[in-house]
Amino acid sequence: MYTLAELAKQIQTVLGATADQLAKTTGFIKRQRKLTGAKFVRALTLGFLQKPAATLEELTQSGVLNEVEISPQGLDKRFTEEAATFLQPVLEEAVNTVVLAPQPVPIEWLNRFTAVWLLDTTVLRLPDELEEVWPGTGGRTTTNLQSSLKVEVGFDLKRGQLKGPFLLPGRRADLAGQLPAESFATGSLRIADLGYFSLVEMAKLDQEGNFWWSRLRNDTLLATLDGKPLSLEELAVTGTKANYRRLELEVLLGEQRLPARLLLERVPSAVAAKRRAQ
């Protein structure tokens, strides 16, 4: 694991030499300028850390740009497509800098797996003007629903390693992102929400010697191991074992007849009522 001093040094490198190099390779900086890639990134990072809704005037007065003669209008002109192309790999470098060194985890069952990957996606709303670049899902209101950005990240619980962040339009399904296409070391466990639910992908993980864990989609066909249809409603409400607190069954999922273990847990009435309301 990094010490605080080591981590600070790594971040300084990302916001310094690495940012300057990426500014040149992405075309954000084409010739020698007083406003370098590193100064641009540090002005945005430190300025928005200090005040998330900072104006152009406040960014130019953040202290980082004191040595650079640039007006708020001049800074505004630097917010171009090249700037966005430059900032994305800087973000990826910054996130992947915070990687913990491999070390044993104190949870015995996690150590049964090569890695334990958590996959998740969050959605950020963007101004409607960005709809052509990052199309959103739309909606009934007329503003700030036409454009959105999905950010997907994978995190290995055992080693603290990250995959991503990967960016995709808010309109695109999670399964169409980059994380589902990522490969995992044999013996890994993948834990993901319903946005990543795919019996085809789960079967592929099985074939590769990996494991998966997911909530069950309501429209998934269930069958017993001998192929008889299984009703989740009857099992949960009127079945012979309806008084269980936790129940585990071996089942087949979907038309693919994918072997799986189905885990059911009875929740308190208040929790059930809240879920039904949602």
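Okay, so let's go over this structure.

### Things to note about the side chain of Asp156
Then step 1. Structurally, Asp156 can be placed in strand S2 (residues 147-156).
Then step 2. Summary of buried charges: Asp156 has no salt-bridge partner, and the nearest side chain of opposite charge, Arg159, is 4.0 Å away.
Then step 3. At a separation of 3.0 Å, a polar atom in the side chain of Asp156 contacts the main-chain amide nitrogen of Lys158.
Then step 4. Sequence-distant contacts of Asp156, that is, excluding residues within four places in its chain, are made with Ala115, Val116, Trp117 and Gln161.

### A word on helix H5 (residues 81-97)
Then step 1. With 17 residues, H5 extends 25 Å between its outermost C-alpha atoms, agreeing within 8% with the 24 Å of an ideal straight helix rising 1.5 Å per residue.
Then step 2. Regarding H5, the residues found buried are Ala83, Phe86, Pro89, Val90 and Thr97. Around the axis of H5, the buried residues are gathered within 140° of arc, so they sit on the same side.
Then step 3. In this structure, the buried residues of H5 make contact with helix H1 (4-25) and helix H2 (37-50).

### Structural notes on the sheet that holds strand S5 (residues 211-213)
Then step 1. Pairing within the open sheet is mixed, and its five strands lie in the order S3-S2-S1-S4-S5. Edge strands, defined here as strands with exactly one partner in the open sheet, are strand S3 (162-169) and S5. With direction set aside, neighbouring strand axes in the sheet form an average angle of 20°.
Then step 2. Of the pairings in the sheet, the one linking S2 to S3 comprises six bridges and is antiparallel in character. Its bridge partner being in S3, Leu149 is matched across the sheet by Pro169.

### Re the nonpolar core
Then step 1. Core analysis: the biggest nonpolar cluster contains 23 residues, and Leu119, Trp212, Leu253 and Leu258 have the highest contact counts within it.
Then step 2. Elements with a contribution of two residues or more to this core: strand S1 (116-126), helix H6 (199-207), strand S7 (246-253) and strand S8 (258-265).
Then step 3. Beyond its immediate chain neighbours, meaning those up to four positions away, Leu119 contacts Val153, Gly154, Leu179, Phe184, Arg190, Ile191, Ala192, Asp193 and Tyr196.
Then step 4. Membership of the second largest hydrophobic core comes to 19 residues, among which are Ala19, Leu44, Leu59 and Val90.

### Here's the deal with the sheet that holds S7
Two orientations exist for strands paired in a sheet by backbone hydrogen bonds: parallel and antiparallel.
Then step 1. Spatial strand order, S6-S7-S8: three strands in an open sheet with antiparallel pairing. Only two strands of the sheet have a single neighbouring strand rather than two, namely strand S6 (222-223) and S8.
Then step 2. In the sheet, S7 pairs with S8 via eight bridges, with the strands oriented antiparallel. By the bridge assignment for S8, Leu252 is matched with Pro259.

### Looking at the pattern of salt bridges
Then step 1. Counting across every chain of the model gives seven salt bridges.
Then step 2. Linking Arg112 and Glu108 is a salt bridge whose minimum nitrogen-to-oxygen distance equals 3.3 Å.
Then step 3. Here Arg112 falls in the exposed class, since its relative accessible area comes to 61%.
Then step 4. Across the pair Arg261 and Glu248 runs a salt bridge, and its minimum N-O distance is 3.2 Å. Here Glu248 lies in strand S7 and Arg261 lies in strand S8, a separation of 13 residues in the sequence.
Then step 5. The class of Arg261 is exposed, set by a relative accessible area of 63%.

### As for the pairing of S8
Then step 1. Residues of S8 alternate between two faces, with Leu258, Ala260, Leu262 and Leu264 buried on one and Pro259, Arg261, Leu263 and Glu265 left unburied on the opposite face.
Then step 2. As consecutive antiparallel partners, S7 and S8 are separated by four residues, and within that stretch Gly254 has a phi angle of approximately 65°, a positive value.

About the criteria used
Residues numbered from 1 in each chain as written. Predicted model: local features only at pLDDT ≥ 70, side-chain atom pairs only at ≥ 80, totals over all residues. Heavy atoms only, no water. Helix = DSSP H or I, 4+ residues; strand = E, 2+ residues; numbered from the N terminus. Buried < 20%, exposed > 50% of the residue type's maximum accessible area, 1.4 Å probe, protein only. Lys, Arg positive; Asp, Glu negative; His and termini not counted. Salt bridge = Lys/Arg side-chain N within 4 Å of Asp/Glu carboxyl O. Polar contact = N/O pair within 3.5 Å; in protein donor to acceptor, adjacent residues only side chain to side chain. Contact = heavy atoms within 4.5 Å. Expected span 1.5 Å × (residues − 1). Arc of directions from axis to C-beta. Pairing = 2+ DSSP bridges. Axes fitted to C-alpha atoms, helices over the stretch in contact; angles between N-to-C directions. Core = buried A, V, L, I, M, F, W, Y, C linked by side-chain atoms within 4.5 Å.

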